Amino acid sequence: MKALILAAGRGSRLGAMTDQRPKCLVELDRRPLLQWQVAALRAGRIDDVTVITGYRRESIEALGYPTQNNPNWDKTNMVGTLWSARQLIDQPTIMSYSDIVYGPNVVAALANSDAALAVAYDTDWLQLWQQRFADPLSDAESLRLGPGRRILDIGRRVTSLDEIEGQYLGLIRLTPTAMEWISDLFRRQPNLVATLSMTDLLRTLINEGHPITGVETSGHWCEVDTPADLVVAERLVAQGQISFPEGSGK
C-alpha cells in the first residue's frame, strides 16, 4: 500500500504558529505533526508515503519526504488537494490529514480493509471533544452505521448525541474503484471540487449509492486545529494517551 498526507494548507486558526511554516510542521512534544503521521504510517507497514504540499512547500521539501505540490492550494480545500493528487492513487492508498495524530493500529486496520472506500471513526470521540469544546455538539458531526459497518450518514451538523455513533478522524482508505466514483461525480458536477468538504464528498457518494465502510477505533488520537487543541494534545501525550510510534523512523 501507499499513503498520501494532505499538507497543502496553512492552518490559519493556529495564528502566528503558521506564519513561517505550514500547519503540519507545528510541533507536538518537540516533533512536527508530520513526523508523527509518517511514523504511524511506517509503523503500520506503509513505507510509500507522499506529502501533498502547498503553503511554504520548501519547508516540507527540505525534510526529504517525497512530495507533490498543489499549486492552487490557496484556492482549494482538502478535496481539491486530494483531487490534485488523484493520479497517485493507482492502488489502495491511505489518505491522511496533516493536522491529526494517530497510532499504527488504526493504520493497519484501514490497510486490512477490503472495502473500495473505508473511513476510520472513533467511538470514544466524546471524551476528546469535551476537552476541546465547551459544547461538543458545536463541532461534532453526524455518523450513522448500518449492517456490516456500512456508513449511512456522515458529516452533518447535529443537535443530539443520538445522531453520532463516532467521529471521523481524517483517515480514509481509497482505491482506484473509489476514485472512479469520485471522477464520475466531478465529471458531472465539476464545481463540486472547490465546494465540497471531505465529509460532504463522502455523504454525496453515499447518497449516490456507493458503499462506504467504517473502520472503528477508540481514542488515542487527536486533531490540532487551534492553539487550544495543541494544549489538549500535549496533555494527552503527558498522560500517555498518545505516544510516538517507537522504532518507526522519522
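Refer to the structure above for everything that follows.
Description of the structure in this document. (Residues numbered from 1 in each chain as written. Predicted model: local features only at pLDDT ≥ 70, side-chain atom pairs only at ≥ 80, totals over all residues. Heavy atoms only, no water.)

**Comments concerning the overall build of the protein chain**
Counting its secondary structure elements, the protein chain contains nine helices and 13 strands. Here the C-alpha atoms of the protein chain give a radius of gyration of 17 Å, agreeing with the 18 Å that 2.2 N^0.38 yields for 250 residues. Over its C-alpha atoms, taken along the principal directions, the protein chain stretches across nearly 45 × 40 × 35 Å. In the protein chain, which comprises 250 residues, the proportion classed as buried is 54%. (Helix = DSSP H or I, 4+ residues; strand = E, 2+ residues; numbered from the N terminus. Rg over C-alpha atoms; globule rule 2.2 N^0.38 Å. Buried < 20%, exposed > 50% of the residue type's maximum accessible area, 1.4 Å probe, protein only.)

**Things to note about the nonpolar core**
In terms of nonpolar packing, the biggest core is built from 86 residues, with L117, L174, F186 and M198 touching the most fellow members. In terms of residue count, the dominant contributor to this core is helix α1 (residues 33–43) (seven residues). Each residue touching L174, except ones within four places of it in the same chain, is listed here: L82, I89, Q91, P92, T93, M95, A116, L117, M179 and I182. (Core = buried A, V, L, I, M, F, W, Y, C linked by side-chain atoms within 4.5 Å. Contact = heavy atoms within 4.5 Å.)

**Section: α1**
Counting buried positions along α1 gives nine out of eleven residues, so the element sits mostly inside the fold. Residues of α1 that are buried: L33, L34, Q35, W36, Q37, V38, A39, A40 and L41. R45, located one to two residues past α1, shows a positive phi value of around 70°.

**Details of the pairing of strand β10 (residues 151–157)**
Sheet topology places strand β9 (residues 141–145) next to β10; four bridges connect them, and they run antiparallel. In the strand pairing of β10, E141 is matched with R157. Connecting the antiparallel pair β9 and β10 is a turn made up of five residues, with G148 showing a positive phi of about 70°. (Pairing = 2+ DSSP bridges.)

**Concerning the sheet that holds strand β8 (residues 117–122)**
The mixed open sheet is built from seven strands, whose spatial order is β5-β4-β1-β6-β11-β8-β12. In the strand order of this sheet, the two ends are held by β5 (67–69) and β12 (213–217), each with one partner. Averaged over all adjacent pairs, the angle separating strand axes in this sheet is 25°, with direction ignored. Pairing of strand β6 (residues 93–97) with strand β11 (residues 167–174) involves four bridges; the strand directions are antiparallel. Bridged to I94 within β11 is R173. (Axes fitted to C-alpha atoms, helices over the stretch in contact; angles between N-to-C directions.)

**Let's talk about the environment of V79**
Among the structural elements, V79 can be located in helix α3 (residues 78–84). For V79, a relative accessible area of 2% corresponds to the buried category. Look past the residues within four positions of V79 in its chain and what remains in contact with it is F186, V193, L196, S197, M198 and L201.

**With respect to the state of the cysteines**
A disulfide bridge is the covalent bond that connects two cysteines by way of their sulfur atoms. For the structure shown, the criterion picks out zero disulfides. Its sulfur unpaired, C24 is 15 Å from the next cysteine sulfur, which belongs to C222. The class for C24 is buried, based on a relative accessible area of 1%. Take C222: its relative accessible area is 1%, and that puts it in the buried class. (Disulfide = S-S within 2.5 Å.)

**With respect to the packing of helix α6 (residues 176–188) against helix α8 (residues 198–207)**
Across the interface, α6 lies against α8 with an axial gap of 11 Å and an inter-helix angle of 95°. Between α6 and α8, the angle falls in the class roughly perpendicular. Packed against α6, whose contacting residues are W181, I182, L185 and F186, the element α8 presents L201, T204 and L205 at the interface. Across the contact of α6 with α8, the residue classes break down as six nonpolar, one polar and no charged. (Parallel < 35°, antiparallel > 145°, perpendicular 65-115°, else oblique. Nonpolar A, V, L, I, M, F, W, Y, C, P; charged D, E, K, R; others polar.)

**Overview of unusual backbone geometry**
One non-glycine residue, R30, lies in positive phi territory at about 70°. By the secondary structure assignment, R30 is in the loop between β2 (27–28) and β3 (31–32). For R30, a relative accessible area of 71% puts it in the exposed group. At R149, a position not held by glycine, the phi torsion is positive, near 60°. Relative to the elements of secondary structure, R149 occurs in the loop between β9 and β10.

**Brief notes about the packing of aromatic side chains**
A full pass over the atoms with the stated rule returns seven aromatic pairs. Aromatic side chains W129 and F133 sit 6.3 Å apart centroid to centroid with 45° between the ring planes, which places their arrangement in the tilted category. The burial state of W129 is the same as that of F133; both residues are buried. An aromatic cluster of at least three residues, connected via ring pairs, comprises W125, W129, F133 and W221. Its guanidinium or amino end placed over the ring of F244, R31 lies 3.9 Å from that ring's centre, counting from NZ or CZ. The side chain of R132 reaches across the aromatic face of W129, ending 4.8 Å from its centre. (Phe/Tyr/Trp six-rings, centres within 6.5 Å; stacked < 30°, edge-to-face > 60°. Lys NZ or Arg CZ within 6 Å of the ring centre and 35° of its normal.)

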